[in-house]
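Reading the structure
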Amino acid sequence: MPNTVVDAPVHVAAGIVFDESDRIFLTRRVLSAHQGGKWEFPGGKVEPGESVDAALRRELQEELGIDVRAAQRFMQVRHAYADKNVLLDVWIVASYTGTPHGREGQEGAWVARSELLDLEFPAADRPIQRRLWSPALYAISDCARYGHDIFFKRLEKALVAGLRLLQWREPITARAEYLTLARDVVALCHRHGAKVLLNADPADVDACGADGVHLNSARLKQYASRPLSRDYFVGASCHDATELAQAGRIEADLVVLGPVASTPSHPDREPLGWENFAALCRGATPLVYALGGMRPEDLSHACARGARGVAMISGVWEAADVAQSVASVR
């Protein structure tokens, strides 16, 4: 019989503290501590009988010297290390007084969202790291339509304009060609600091040097647990509450949900509409991107209904000015 005392997770309250420039305050764990030398989102253990909210306020006052005035729950992360289990209760600090600093002698730094993936965090913090980094635009490739030369020129323009997350989809391309082109796409995207998720078998990710996998709805159903480690992104395509729940069970980092509106890529699917989309977002665990007929001007509608942003195919590659289309999704 398991020892419930030993197996019980260490419950930690962690705070995401922003400044007026949307930078996040991080602290570095002392070398002698568990996961020493790595950056983390500040916080600490919830004491017996203490509420998470109270623990967050106490810990951030002790660690950073700030008084939390308002905070809202952001996400929860469960992780099993070799020597302990942890439950991270992560909150966005919406209002505080004081100036954050390493009050206990620990190193502290303000970091832009775009810099988060360049830093080493404990494994338990990586889902938070990725969620905060994730950009408003998740572009989906359409190389077969335009041909290699034209598509790669459009892709480079998009990358120069700020595209940072791409799904390499290409469902009608033969496997060998898909993988060959994927390696070229990954190399190009990495030169611009962008991440690439393969809409393919998770086993292909390492071979192409990609940053993760995007599971179509058929592949999503095949997995009982996360198909890749926390070192990679896992995305999924969802169309209803059942698929969203499955994405949550396998601990996907993000999903595309749709189609919200009519779209040529899924002509047989009934659009969800914004009202149904919002209702589904409220129950979703992964980060959600609105998909289906999206244009840059739909970003505000998506975010107002609980999404992180929009996923686009035609909205990016059909634009008269690809760079302008990408730059307008912020």
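Residues numbered from 1 in each chain as written. Predicted model: local features only at pLDDT ≥ 70, side-chain atom pairs only at ≥ 80, totals over all residues. Heavy atoms only, no water.

Bringing the pairing of strand β13 (residues 254-257) into the picture now. Burial along β13 is two-sided: the face carrying Leu254 and Val256 and the face carrying Val255 and Leu257 are both buried. Of the pairings in the sheet, the one linking strand β12 (residues 233-238) to β13 comprises four bridges and is parallel in character. Residue pairing in the sheet places Cys238 in a bridge with Leu257 of β13. For the segment spanning β12, helix α9 (residues 241-249) and β13, crossover handedness is right-handed. Where β13 and strand β14 (residues 287-291) come together, four bridges link them in parallel fashion. Note on β14: the bridge partner recorded for Val255 is Val288. (Buried < 20%, exposed > 50% of the residue type's maximum accessible area, 1.4 Å probe, protein only. Helix = DSSP H or I, 4+ residues; strand = E, 2+ residues; numbered from the N terminus. Pairing = 2+ DSSP bridges. Right-handed = clockwise from strand over helix to strand, strands pointing away.)

Examined against the element boundaries, Ala252 turns out to sit in the loop between α9 and β13. Given the relative accessible area of 9%, Ala252 is considered buried. Considered as a pair, Ala252 and Phe25 are 227 residues apart in the sequence and their alpha carbons are 26 Å apart. Each residue touching Ala252, except ones within four places of it in the same chain, is listed here: Arg226, Val234, Ala247 and Pro286. (Contact = heavy atoms within 4.5 Å.)

A separate point is the pairing of strand β15 (residues 309-312). Inspection of the sheet shows strand β8 (residues 137-140) paired to β15 by three bridges, in the parallel sense. Paired with Ala139 across the bridge in β15 is Met312. Note: β14 against β15, three bridges, orientation parallel. Paired with Tyr289 across the bridge in β15 is Gly309. Taken together, β14, helix α11 (residues 299-304) and β15 form a β-α-β motif whose crossover is right-handed.

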